[in-house]
Amino acid sequence: MKNQFVYTFEQFASLDELGEHDLHLLQMAQQASRLAYAPYSRFRVGAVARLVNGETLNGTNLENASFPAGICAERVLLSALSAIHPKEPIDTIAISYSGDDVESDHYIAPCGICRQSLVEYEQRLQHPIRLILGGLTGPVIVIDSVSFLLPLAFTNSSL
Ligand code: THU
């Protein structure tokens with residue numbers, strides 16, 4: 001017997017096709033990326049969460065001269081949220097980036113470690129986390145749950 005994972009996501013040809021609220025959140029992520037501390041990679045990532053209660057919070061990547069000590073924008077965001085709004089579910093996270101050496105003209109998706117953290121956050125607060133992924137220009141994708149990004153995840157029920 002063969003099994004398969006299948007999921008669908010929305011793809012928009014450009015930012016102009018997004019609804020007003022999603023466009024605003026993605027623009028906030030672009031703005032947030034400019035606040036990142038990323039002197040080593042010069043690749044600045046912004047992740048902005050809109051909570052179910054409507055509040056928003058920023059995360060940016062935070063690098064370090066000891067490279068492995070650096071943290072991605074997504075996990076900076078989750079750490080801040082967990083400290084400030086531990087009980088409030090996340091509705092949507094928009095992720096964008098800007099760089100000295102790259103055009104921000106395509107979307108980026110969270111790295112593997114961040115996927116692991118996002119999946120546990122989603123499960124903990126029992127509310128799907130939507131993702132909006134886009135650059136300053138170019139196509140944008142919207143995924144309805146972070147769990148789609150990590151099939152066969154190792155979770156607390158695996159322990
Ligand atoms: N980075 C993020 O902040 N989020 C991601 O999803 C991928 C990568 C950061 C880590 C590092 O500071 C820089 O981007 C280059 O990898």
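Going by the structure above, here's the rest.
Overview of the structure.

As a further point, take the overall build of the protein chain. Each helix and strand counted, the protein chain has three helices and six strands in total. Reading the protein chain from its N terminus to its C terminus gives the helix and strand order β-α-β-β-α-β-α-β-β. In terms of C-alpha radius of gyration, the protein chain reaches 15 Å, essentially the compact-globule figure of 15 Å for 159 residues. Seen through its principal axes, the protein chain has C-alpha atoms that stretch 45 × 40 × 35 Å. With 159 residues in all, the protein chain has 41% of them scored as buried. Pairs at least 24 apart in sequence give 67% of the contacts found in the protein chain among residues at least 6 apart. In the protein chain, 10 positive and 17 negative side-chain charges are present, and the distance between their average locations comes to 7 Å.

The next point concerns the site of the ligand. Surveying the vicinity of the ligand reveals the residues Ser41, Phe43, Val45, Asn61, Glu63, Cys72, Ala73, Glu74, Ala109, Pro110 and Cys111. In the model, an oxygen atom of the ligand is placed 2.5 Å from a nitrogen or oxygen of the Glu63 side chain. Those elements giving two or more residues to the shell around the ligand turn out to be β2 (43–51) and α2 (73–84). Its residues placed into classes, the shell around the ligand shows seven nonpolar, two polar and two charged.

The tally for this structure, following the rule as stated, stands at four aromatic pairs. Ring geometry for Tyr40 against Phe67: centres 5.4 Å apart, planes inclined by 45 degrees, an arrangement best described as tilted. In this pair, Tyr40 sits in the loop between α1 (20–33) and β2 while Phe67 sits in the loop between β3 (56–60) and α2, placing the two residues 27 residues apart along the sequence. The class for Tyr40 is partly exposed, based on a relative accessible area of 39%.

Let us look at the nonpolar core. Core analysis: the largest hydrophobic core is formed by 25 residues, its most contacted members being Leu81, Ile90, Ile93, Ile95 and Leu131. Put simply, the parts of the chain that give this core at least two residues each are β2, α2, β4 (90–99), α3 (112–125), β5 (130–134) and β6 (140–143). Ignoring any residue separated from it by four or fewer positions in sequence, one finds Ile90 in contact with Ala49, Arg50, Leu51, Val52, Leu78, Leu81, Tyr121, His127, Pro128 and Ile129. Membership of the second largest hydrophobic core comes to twelve residues, among which are Leu18, Leu25, Ala29 and Val142.

Moving on to the pairing of β3. Bridge count between β2 and β3: five bridges; the pairing is antiparallel. Opposite Ala49, over in β3, you have Leu57 as the bridge partner.

Next up on the list: α3. A rise of 1.5 Å per residue sets the reference length of α3, with its 14 residues, at 20 Å; its end C-alpha atoms lie 20 Å apart and thus fit the reference within 8%. Buried residues along α3 sit against α2 and β4. Immediately downstream of α3, the backbone of Gln126 shows phi near 50 degrees, a positive value.

The rules behind each value
- Residues numbered from 1 in each chain as written.
- Predicted model: local features only at pLDDT ≥ 70, side-chain atom pairs only at ≥ 80, totals over all residues.
- Heavy atoms only, no water.
- Helix = DSSP H or I, 4+ residues; strand = E, 2+ residues; numbered from the N terminus.
- Rg over C-alpha atoms; globule rule 2.2 N^0.38 Å.
- Buried < 20%, exposed > 50% of the residue type's maximum accessible area, 1.4 Å probe, protein only.
- Contact = heavy atoms within 4.5 Å.
- Lys, Arg positive; Asp, Glu negative; His and termini not counted.
- Charge placed at Lys NZ, Arg CZ, Asp CG, Glu CD.
- Near = heavy atom within 4 Å.
- Polar contact = N/O pair within 3.5 Å; in protein donor to acceptor, adjacent residues only side chain to side chain.
- Nonpolar A, V, L, I, M, F, W, Y, C, P; charged D, E, K, R; others polar.
- Phe/Tyr/Trp six-rings, centres within 6.5 Å; stacked < 30°, edge-to-face > 60°.
- Core = buried A, V, L, I, M, F, W, Y, C linked by side-chain atoms within 4.5 Å.
- Pairing = 2+ DSSP bridges.
- Expected span 1.5 Å × (residues − 1).

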